[in-house]
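The primary structure of each chain is shown beneath.
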Amino acid sequence: GAGVSQSPSNKVTEKGKDVELRCDPISGHTALYWYRQSLGQGLEFLIYFQGNSAPDKSGLPSDRFSAERTGGSVSTLTIQRTQQEDSAVYLCASSLVGTRRRGEKLFFGSGTQLSVL
Amino acid sequence: ILNVEQSPQSLHVQEGDSTNFTCSFPSSNFYALHWYRWETAKSPEALFVMTLNGDEKKKGRISATLNTKEGYSYLYIKGSQPEDSATYLCASLSGSARQLTFGSGTQLTVLP
């Protein structure tokens, strides 16, 4: 596709349910990032994938959060036993090799608005 | 912990006004500074990536400057238009980090 695609665009779930959010990055981009924005907060880093390297999971807020990236392309972010504080916009971004290459920018999807009731 | 601060948090300007916002970041081990524009119901879009002290970038009516020694960047919009209404995010990359740290953004509303 032409850009980063995320699905669903909106997800309403009940507290305690599991949810899966999907990200399809730009073809050929080896770096993939998940961020989230809670109400009134800045973008919070969650997890970073780069090629075949072990992912950087340092931003995951709890062990209820996990993510995988299959075949170096599509990524799924899973939140188990959702809580109300998980309500946020979850953004996925990709880049060619990663922001450590000077001048490289991120390409974002339009996000998933998650609401936990 | 790397803190990126943006000010103001929000502002309203009249069409045709020029405006500017500030992004401050820790100056030690600086690597890169990004600016993104996030319009409602759309994806954040990169405006500029700056890496060198004194960098100045321009894209149409929008420009940005970078001072890595004192740890700040300014974003300027000349002759604001309603379509400039958006949240403007800055993000810093420093040290050996591989992911950007974002500020909380400046929400700009341009009134017709």
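Residues numbered from 1 in each chain as written. Chains lettered and ligands numbered in written order. Predicted model: local features only at pLDDT ≥ 70, side-chain atom pairs only at ≥ 80, totals over all residues. Heavy atoms only, no water.

## Here's the deal with the sheet that holds strand E8 (residues 72–77) of chain B
Residue and element names in this part refer to chain B. Inclusion rule: By the convention used here, strands pair only if DSSP detects at least 2 bridges between them. Helix numbering and strand numbering both begin at the N terminus, where a helix is a DSSP run of H or I of at least 4 residues and a strand a DSSP run of E of at least 2. In this analysis, axes come from line fits to C-alpha atoms, helices being fitted only over the stretch in contact, and the angle between any two N-to-C directions falls in the range 0 to 180 degrees.
Strand order in the open sheet formed by five strands is E1-E3-E8-E7-E6, and the pairing between neighbours is antiparallel. A single partner strand is all that each edge strand has here, and the edge strands are strand E1 (5–7) and strand E6 (56–59). When strand polarity is set aside, the average angle formed by the axes of neighbouring strands in this sheet is 15 degrees. Relative to strand E7 (residues 62–67), E6 runs antiparallel, the two being bridged by four bridges. Following the sheet pairing, Lys59 is matched in E7 by Ile62.

## Observations concerning the state of the cysteines
Residues and elements named next belong to chain A. Let me state the cut-off plainly: Criterion for a disulfide: a pair of cysteine sulfur atoms at a distance within 2.5 Å. To sort residues, take the accessible area from a 1.4 Å probe on protein chains only and compare it with the maximum for the residue type: under 20% means buried, over 50% means exposed, and anything in between is partly exposed.
Under the definition given, this model contains two disulfides over all chains. Residue pairing for Cys23: its cysteine sulfur links by disulfide to Cys92, the two sulfurs lying 1.8 Å apart. Of note, the bridge from Cys23 to Cys92 carries an S-S torsion of about -65 degrees and is left-handed in sense. On the criterion of sequence distance, the pair formed by Cys23 in strand E3 (residues 19–24) and Cys92 in strand E8 (residues 88–95) is long-range, its members being 69 residues apart. Cys23 gets classed as buried once you look at its relative accessible area, which sits at 0%. By relative accessible area, Cys92 is classed as buried at 0%.

## Topic: the interface of chain A and chain B
For clarity, the cut-off: In what follows, a contact means two residues having at least one pair of non-hydrogen atoms within 4.5 Å. Simply put, the buried area is the total loss of 1.4 Å probe accessible area from both parts when two parts are fitted together. The rule for a salt bridge is simple: a side-chain nitrogen of Lys or Arg has to be within 4 Å of a carboxyl oxygen of Asp or Glu. As used in this structure description, the phrase polar contact means that two N or O atoms lie within 3.5 Å; if the pair is within protein, one of them must be able to donate a hydrogen and the other to accept it, and residues adjacent in sequence are counted only when both atoms belong to side chains. In this classification, Asp, Glu, Lys and Arg are treated as charged, Ala, Val, Leu, Ile, Met, Phe, Trp, Tyr, Cys and Pro as nonpolar, and every other residue, Gly included, as polar.
Each partner contributes residues to the interface: chain A has 22 residues there, and chain B has 22 residues. Counting each side, the surface lost to burial between chain A and chain B is near 2,000 Å², with a carbon and sulfur contribution of 57%. Its largest share of buried area at the contact with chain B, chain A owes to Arg100, Arg102 and Phe108 of chain A, together 33% of the area lost on that side. For the pair chain A and chain B, the interface holds zero salt bridges. Summed over the shared surface of chain A and chain B, the result is five residue pairs in polar contact (both at pLDDT 80 or more). Elements with a contribution of two residues or more to the side of chain A that touches chain B: strand E4 (31–37), strand E5 (44–50) and E8 of chain A. Top element by residues in the side of chain A that touches chain B is E4 of chain A. It accounts for three residues. Per-class residue counts for the side of chain A that touches chain B are nine nonpolar, eight polar and five charged.

## Thoughts on the side chain of Ser38 of chain A
Residue and element names in this part refer to chain A. Of note, Ser38 is situated in the loop between E4 and E5. Residue Ser38 is classed as buried on the basis of its relative accessible area of 18%. In this structure, Ser38 is in contact with Ser87 and Ala88, ignoring residues within four places of it in sequence.

## With respect to unusual backbone geometry
In the segment running from Ser7 of chain A into Pro8 of chain A, the intervening peptide bond is cis, with an omega of -10 degrees. Here Pro8 of chain A lies in the loop between strand E1 (5–7) and strand E2 (10–13). Backbone torsion omega between Ser7 of chain B and Pro8 of chain B reads -5 degrees, so that peptide bond is classified as cis. Position of Pro8 of chain B among the secondary structure elements: in the loop between E1 and strand E2 (10–14). For Asn29 of chain B, which is not a glycine, the phi torsion comes out positive at approximately 55 degrees.

## Here's the deal with the confidence of the model for chain A
For clarity, the cut-off: Scored between 0 and 100, pLDDT is the confidence that the predictor attaches to each residue.
The predicted model of chain A averages 93 in pLDDT, with 99% of residues at 70 or higher. When mean pLDDT is taken per element in chain A, strand E7 (residues 75–79) of chain A scores highest with 98 and E5 of chain A scores lowest with 94.

## Quick word on the pairing of E5 of chain A
Residue and element names in this part refer to chain A. Of all the seven residues making up E5, six are buried; the element is thus mostly covered by neighbouring parts of the structure. When E4 meets E5, the two strands line up antiparallel, connected through six bridges. Across the sheet, Tyr35 pairs through a bridge with Phe45, a residue of E5. Taken together, E4 and the strand that follows it, E5, pair antiparallel across an intervening segment of six residues, in which Gly40 is found at a positive phi of about 80 degrees.

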